[in-house]
Structure formats: structure tokens, C-alpha cells
Amino acid sequence: MNIQTSTDAQLDDNIGLKIAIEEAKKSLTENALISSTGEVLARSHNLAWQKMSPIFHAEMATFDAAGHVSKAVYRLATLYTTLTPCDMCTGAILWFGVGRVVMGEAKSVGGGGHDILRSRGVEVMDMDSEECYEMLQKFMKDHPDRWKNPSKIACN
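In this text the structure is predicted, and so the values were computed from the model without any measurement.

With that settled, the discussion passes to the overall build of the protein chain. Scanning the protein chain for helices and strands turns up eight helices and five strands. Reading the protein chain from its N end, one meets helices and strands in the order α-β-β-α-α-α-β-α-β-α-β-α-α. Out of the 156 residues belonging to the protein chain, those deemed buried represent 49%. Summarising the internal contacts of the protein chain: among those between residues at least 6 apart in sequence, 56% fall at separations of at least 24. Accessible surface, the protein chain: about 7700 Å² in total, of which carbon and sulfur atoms supply 53%.

Turning our attention to the packing of aromatic side chains. As enumerated under the stated definition, the model contains three aromatic pairs in all. Residues F63 and Y74 carry aromatic rings whose centres are separated by 5.7 Å and whose planes lie at 75° to one another, so their mutual orientation is edge-to-face. Remark: Y74 occurs in helix α4 (residues 71-75) and F63 occurs in helix α3 (residues 58-66); sequence separation between them is eleven residues. Side by side, F63 and Y74 carry an identical accessibility label, which is buried. One aromatic cluster is present, built from ring pairs that chain together F63, Y74 and F96. Between the NZ or CZ atom of K51 and the centre of the ring of F56, over which it lies, the distance is 4.9 Å. Directly above the ring of Y133 sits K107, whose terminal nitrogen or CZ lies 4.4 Å from the centroid.

Right, let's get into α3. Here α3 lies mainly inside the structure; seven of its nine residues are buried. Of the residues making up α3, those classed as buried are A58, E59, M60, A61, T62, F63 and A66. Residue G67 follows α3 closely and has a positive phi angle near 70°.

A positive phi is found at M52, a non-glycine position, where the angle reads about 55°. Secondary-structure assignment places M52 in the loop between α2 (48-51) and α3. Phi is positive for D128, which is not a glycine, with a value near 50°. With respect to the helices and strands, the residue D128 is situated in the loop between β5 (123-126) and α7 (130-142). For D128, a relative accessible area of 47% puts it in the partly exposed group.

Each value, and the rule that gives it
Residues numbered from 1 in each chain as written. Predicted model: local features only at pLDDT ≥ 70, side-chain atom pairs only at ≥ 80, totals over all residues. Heavy atoms only, no water. Helix = DSSP H or I, 4+ residues; strand = E, 2+ residues; numbered from the N terminus. Buried < 20%, exposed > 50% of the residue type's maximum accessible area, 1.4 Å probe, protein only. Contact = heavy atoms within 4.5 Å. Areas by Shrake-Rupley, 256 points an atom, 1.4 Å probe, with all protein chains shown as cover. Phe/Tyr/Trp six-rings, centres within 6.5 Å; stacked < 30°, edge-to-face > 60°. Lys NZ or Arg CZ within 6 Å of the ring centre and 35° of its normal.

This is a description of form; function is not addressed.
The following block contains the structure:
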């Protein structure tokens with residue numbers, strides 16, 4: 001899937017976040033990993049409950065869906081996510097060498113994944129999206145069992 005915007009072939013952050021929000025409506029969080037040329041490499045959402053595995057946060061599921069991608073491609077890529085990455089996903093972003101992360105919001109979830117990423121040279125942008133914030137607040141209210149018992153299956 002190739003998405004071209006403007007003459008520089010960069011994916012607009014608002015479009016990238018919109019893709020993430022579309023996918024998030026299937027679960028809790030989502031990411032669309034976008035290359036610098038506007039090509040969507042992979043998209044997925046939190047699959048921890050579906051796969052009965054605490055590993056499959058949205059970021060991890062997206063990396064899994066991307067398959068074998070070179071670090072050179074990841075360095076030029078932007079990972080779009082609806083909320084700030086947890087520690088595990090932050091580590092994966094660093095491991096794969098993603099150069100840029102755009103998150104919908106950073107108010108709902110504690111932790112400093114975005115600060116760690118910045119300190120390691122990853123460009124991080126917080127879109128401060130009210131839609132992303134409200135979506136997570138609704139999930140936490142509607143599914144307190146999944147949110148308050150992260151060790152059961154998933155932590156976000």
C-alpha cells in the first residue's frame with residue numbers, strides 16, 4: 001500500500017495517526033509503521049488477548065507483521081502509535097532502530113518511553129490527540145479487568 005502526500009512523498013503525520021486510530025478501534029492501541037517514502041510496511045493492533053500472550057502489544061504485533069525488514073529501512077521509518085510506548089515496546093523500537101515515533105497522546109499511560117527514545121536519538125512527536133486520549137479512557141472504563149490486571153495477559 002503506497003500513500004503519497006505532497007511532492008516530497010512523505011506521509012503526513014495526521015494521515016499516519018489516522019491509520020493508527022482506525023486500527024486502534026479494533027483493540028486498544030495501534031501502530032502503522034510507515035517508511036519515509038510513504039509506504040505502509042505493516043499495521044496491527046494490540047493482540048495480547050486474542051493471542052493469549054502478553055508480548056503482543058500493538059508495537060510488537062506491528063513489528064511481527066512487518067516481517068524481515070532491514071535496519072536501513074527502519075532507520076528511515078516512522079512508527080505511529082495511539083499512545084506512548086511501554087518499556088517493552090520502547091526497547092523493541094530501539095532494537096529495530098526506528099528513527100521516528102509519532103504518538104497520539106502521552107497523558108494516559110505512565111512511564112517515560114518517549115523520554116527514553118528521545119535520549120537515544122529517536123525523533124518523537126506527541127500529537128496530543130483528544131481522540132486518542134478519549135479512546136483509551138473509554139477502554140480503561142469499559143474493560144477495567146484488562147487494564148488493571150496487566151500480568152494476566154497484557155499491560156496496555
